[in-house]
Amino acid sequence: MMKGVHFLVAAVLLALASSFAFASDPASLQDFCVAIDQYDSESAVFVNGKFCKDPKLATANDFFFSGLQNPRNTKNQLGSNVTLLNVDMIPGLNTLDISLARIDFAPYGLNPPHTHPRGTELLLVLEGTLYVGFVTSNPDNRLITKVLNAGDVFVFPVGLIHFQFNVGKTNAVSISGLSSQNPGLIVIANSVFGSNPPISADVLAKAFQLDKSVVTSLQAKF
Ligand SMILES: *[C@@H]1O[C@H](CO)[C@@H](O)[C@H](O)[C@H]1NC(C)=O
């Protein structure tokens, strides 16, 4: 009798486990993956992520990066510089759902409004003062902001538009963990006004309720 109950419990657990295992598609690690019917020697094969090295051949350097302590050059238009350590920089991150970024800010430097389509971001301020925020999705589009100082931590939920702005008079430095080996980056201004080829100025003038000349001058900037 006991044995029968154990068997039943085991069978139910197994059924649950297998239904969980097949409950969803694997998360995508790239913008898209157009299916092809058959192997075609003309086209390279892409997988969702990277191929895996034989684990026996893995070395410590596959899991290692050195140099994140060095300040980055922020002498650019925005006054910020993002150093992202994703799977391309640390091959051992493949399949592990995590990556790391250092962001340097000159005084009044900005990491402009952007989203990570595949990763939530958890940011820690190491030095300086950052005004940060994100906007919730439709229909509320609520702006949630905070001024952060050294030691403060803030969450930017996956996919939401967010920014970081150095409102202090000194440099600022932050470190972020992101919940993907390849979180992706969409910078709003660059995507909208700097796409290649450009989005029709009529489309953007109507969408943003702008004069077409304003749209073309914005397009010239990005
Ligand atoms: C970021 O800093 C690195 C090293 O200091 C530099 O090579 C790179 O050009 C900088 N990137 C930008 C966008 O300024």
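Our structure's up above, just so we're on the same page.
Residues numbered from 1 in each chain as written. Predicted model: local features only at pLDDT ≥ 70, side-chain atom pairs only at ≥ 80, totals over all residues. Heavy atoms only, no water.

Another point: the pairing of strand S9 (residues 172–178). Across the seven residues that make up S9, a large majority, five, are buried. Alignment of strand S2 (residues 99–105) against S9, held across seven bridges, turns out to be antiparallel. Across the sheet, Leu100 pairs through a bridge with Gly177, a residue of S9. Where strand S4 (residues 121–127) meets S9, six bridges bridge the pair, whose relative direction is antiparallel. In the sheet register, Glu127 faces S9, and the bridge partner there is Val173. (Buried < 20%, exposed > 50% of the residue type's maximum accessible area, 1.4 Å probe, protein only. Helix = DSSP H or I, 4+ residues; strand = E, 2+ residues; numbered from the N terminus. Pairing = 2+ DSSP bridges.)

With that out of the way, let us pick up a nonpolar patch on the surface. A contiguous nonpolar surface patch, about 400 Å² in accessible area, is contributed by Leu122, Leu124, Leu126, Val153 and Val155. Of all the secondary-structure elements, those providing two or more residues to the nonpolar patch are S4 and strand S7 (153–156). The topology assignment puts Leu126 in strand S4. (Patch = residues over 30% accessible without salt bridge, like charges linked within 9 Å, V, L, I, M, F, W, Y side chains within 5 Å. Areas by Shrake-Rupley, 256 points an atom, 1.4 Å probe, with all protein chains shown as cover. Salt bridge = Lys/Arg side-chain N within 4 Å of Asp/Glu carboxyl O.)

This paragraph deals with helix H3 (residues 201–208). The complete set of buried residues in H3 reads Ala201, Leu204 and Ala205. Seen along its axis, H3 keeps its buried residues to an arc of 100 degrees; they face one direction. Residues of H3 that are exposed and angled more than 90 degrees away from the buried face: Lys206 and Ala207. For H3, the secondary structure elements touched by its buried residues are helix H2 (188–193) and helix H4 (212–221). Taking the backbone nitrogen of Asp202 as reference, a side-chain oxygen 3.1 Å away marks Ser200 as the first, capping residue of H3. Positioned one or two residues after H3, Gln209 has a phi angle of 55 degrees, which is positive. (Arc of directions from axis to C-beta. Contact = heavy atoms within 4.5 Å. Polar contact = N/O pair within 3.5 Å; in protein donor to acceptor, adjacent residues only side chain to side chain.)

For the rest of this paragraph, the subject is the site of the ligand. The immediate surroundings of the ligand are formed by Arg72, Asn73, Asn76 and Asn81. Asn73 is positioned with one of its backbone polar atoms (N or O) 3.0 Å from an oxygen atom of the ligand. One of the side-chain N or O atoms of Asn76 is found 2.9 Å from an oxygen atom in the ligand. For the shell around the ligand, the per-class residue count stands at no nonpolar, three polar and one charged. (Near = heavy atom within 4 Å. Nonpolar A, V, L, I, M, F, W, Y, C, P; charged D, E, K, R; others polar.)

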